[in-house]
Each structure stands twice: as C-alpha cells, then as structure tokens.
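Topology and contacts: notes
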Amino acid sequence: MDLIKDYDIVVDGSDNFPTRYLVNDACVLTGKPLVSGAILRFEGQVTTILPGEGHCYRCLFEEPPPPGLVPSCQEAGVLGALPGVIGGLQAMEVLKLILGKGEPLSNQLLIYDALKASFRRVRVPRNPECPVCGENPRITELQDYEAEYCQMRF
Ligand SMILES: [Zn+2]
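What comes next concerns the included structure. Numbering of residues begins from 1 in every chain and follows the order in which that chain's sequence is written. Per-residue local features of the predicted model are confined to residues with pLDDT of at least 70, and side-chain atom pairs are confined, for both listing and counting, to 80 or more; whole-chain, interface and lining totals are unaffected and use all residues. With hydrogens and water stripped out, all remaining heavy atoms of the structure feed into the side-chain values.

Time to look at the coordination of the zinc ion. With water omitted from the atoms examined, metal sites may look incomplete; donors here are N, O and S atoms no farther than 2.8 Å from the metal, or 3.2 Å in the case of Na, K and Ca. Surrounding the zinc ion are the protein donor atoms Cys56 (SG), Cys59 (SG), Cys130 (SG) and Cys133 (SG), at 2.3 Å. Labels for metal geometry use angle windows, namely 85 to 135 degrees for all angles of a four-donor tetrahedral site, and for square planar (four donors) or octahedral (six donors) sites opposite donors over 155 degrees apart plus all others within 65 to 115; sites meeting none of these are irregular. Taken together, the four donor atoms coordinating the zinc ion and their angles of 92 to 124 degrees define a geometry best described as tetrahedral.

As structure tokens, then:
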C-alpha cells in the first residue's frame, strides 16, 4: 500500500503469482487503476483494471494456479521481443488513461499470439462473487501472498 500510494496508475509486469495477486488486491482496495501484463513462451496478455468500474485480476483468475502448473519464465523461457510488445501495449494503456482518450482494456483481456502475429480480445465481465471486488468481498486487507500461494502445494 505504501509503494503505490503516491502514484496515479500502477503497471504490473511481475514474474510471479504472489506479487501479481498482491498488486491486484492493493489496487482494488485503494481504487488505483492497474495495467497488468503477462507473458509466457510465445503469448502475451494485457488488461486494464479500473476498480469500481470493471473487472479485476481475481475476476479473471480467482486464485493463483497451483505451483508447478504454469512454468515460470525461467523454466519456459522468454523471447526478448515479447516483453517489448506487451510493455509497449501497457504503456499505451497508461497514456490513454492519462489523456482520457480511447477505450481502455477494462473488462477485456487482449491476447497476443506472437507465432501467428495476431491479437484477439476476450470480454471479461466483473464477477459479482469476486473475493476482492465482488459484492461481498472476503479480502478486505492485504494478506500473506507467499503463504497463500505455498499452501496450494499440498
Ligand atoms: Zn474482481
């Protein structure tokens, strides 16, 4: 909460699930816009979270996947150009928010397939049962995300 309090918009490109969920929850709880980007192998994703207006990361993926299910960037490898593409898209989302122009990727997930050189957009509705931004949230403060993630190993 201290890290994001002085910023108007948060951009997340973290490489691990505990950080990704921590940043999402902190942004939802403080109402900060979050532009989230992810990459794996030959695919990248971008979404813009506008707390109170649209979906959040947990609406998309309520809980982190079990450890080992999704290979880490270290295991799967990352082509250097892919974070450049996704990071550029995230920067454009930030500029659109600052300028108040265009349509942010709120309630949408943009998926980039590097092998096909194609983009597709998937609608992501806000989940009324979401544990952090839903109608009856059970997450009302930050948690121990490393512990939550590690508990899923058993
Ligand atoms: Zn949510």
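Right, let's talk about helix α4 (residues 81-99) for a bit. Numbered from the N terminus, helices here are DSSP runs of H or I no shorter than four residues, and strands are runs of E no shorter than two. How far a helix is expected to stretch is found by multiplying one less than its residue total by 1.5 Å. An ideal rise of 1.5 Å per residue puts 27 Å on 19 residues; α4 measures up with 27 Å between its terminal C-alpha atoms. Using a 1.4 Å probe on the protein chains alone, a residue whose accessible area is under 20% of its type maximum counts as buried, one over 50% counts as exposed, and one in between counts as partly exposed. Inspection of α4 places Leu82, Ile86, Gln90, Glu93, Val94 and Lys96 among the buried residues, and these make up the whole buried set. Relative to the axis of α4, the buried residues are bounded by an arc of 160 degrees and lie together on one face. Pointing more than 90 degrees away from the buried face of α4 are the exposed residues Ala81, Gly84, Ile98 and Leu99. The contact definition used throughout considers only heavy atoms, calling two residues in contact when any of these lie within 4.5 Å. Tucked into the core, α4 has its buried residues touching β1 (10-12), β2 (34-40), β3 (43-49) and β4 (108-113). Two residues or fewer past α4, Gly100 is found with a positive phi of approximately 65 degrees. Each C-beta atom gives one direction from the helix axis, and the arc is the one those directions make.

A side-chain nitrogen of Lys or Arg and a carboxyl oxygen of Asp or Glu constitute a salt bridge if their distance falls within 4 Å. Across all of its chains, the model carries six salt bridges by this definition. One salt bridge in this structure joins Glu62 and Arg138, with 3.5 Å as the shortest N-O distance. Remark: Arg138 occurs in the loop between β5 (118-123) and α5 (145-151) and Glu62 occurs in the loop between α2 (57-60) and α3 (73-76); sequence separation between them is 76 residues. The exposure class assigned to Glu62 is partly exposed, which follows from its relative accessible area of 34%. The class for Arg138 is exposed, based on a relative accessible area of 55%. Via salt bridges that share partners, Asp25, Arg58, Glu62, Glu63 and Arg138 belong to a single interconnected network.

Next up on the list: unusual backbone geometry. The phi torsion of most residues other than glycine is negative, and most of the peptide bonds are trans. Non-glycine residue Arg41 carries a positive phi angle of around 50 degrees. Positionally, Arg41 belongs in the loop between β2 and β3. One non-glycine residue, Asn107, lies in positive phi territory at about 60 degrees. Mapped onto the elements of the fold, Asn107 is located in the loop between α4 and β4.

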